Amino acid sequence: MFQPKIPTMPQPSGLVAPPAVVQPNTITPGTPAPAPVAAPEPSRPVVQMTPGTAVALVGAGTAVVLVVGAVLVSLLLAVAVTSASVAVCAVVVRSLIASNAKRR
């Protein structure tokens, strides 16, 4: 029952035909490909990086990182405050139930 059963490989049925022989074909050169067309110039001007724009990009990146960090920290703080208040409520309810049970 617990012995693995290894499947046997089935034998081919019927006659097996030998593979067909493929005859090589000769390649004749065709018409040459058309010459590549030059790409049109972009309609927008290329953005030039100056020291002022580099400083602006660094400042904007820093501001984004600070805002995202503040949002994440505030969410973590909200979760911590909520869990602490739920724990305090649980202790108060448990105390009320225990004191109510002692009075009976």
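As a reminder, the structure under discussion sits directly above these lines.
Residues numbered from 1 in each chain as written. Predicted model: local features only at pLDDT ≥ 70, side-chain atom pairs only at ≥ 80, totals over all residues. Heavy atoms only, no water.

(A) Quick look at the overall build of the protein chain. Counting its regular elements, the protein chain contains one helix and zero strands. Taking all 104 residues of the protein chain together, the buried fraction comes to 0%. Per element, the accessible surface of the protein chain, about 10,700 Å² overall, is 72% carbon and sulfur. (Helix = DSSP H or I, 4+ residues; strand = E, 2+ residues; numbered from the N terminus. Buried < 20%, exposed > 50% of the residue type's maximum accessible area, 1.4 Å probe, protein only. Areas by Shrake-Rupley, 256 points an atom, 1.4 Å probe, with all protein chains shown as cover.)

(B) Inspection of a nonpolar patch on the surface at higher detail. Together, Val64, Val67, Val68, Val71, Leu72 and Leu75 make up an exposed nonpolar region whose accessible area comes to about 540 Å². Take Val71: it is sitting in helix H1 (residues 51-103). (Patch = residues over 30% accessible without salt bridge, like charges linked within 9 Å, V, L, I, M, F, W, Y side chains within 5 Å. Salt bridge = Lys/Arg side-chain N within 4 Å of Asp/Glu carboxyl O.)

The analysis is restricted to geometry; functional conclusions fall outside its scope.
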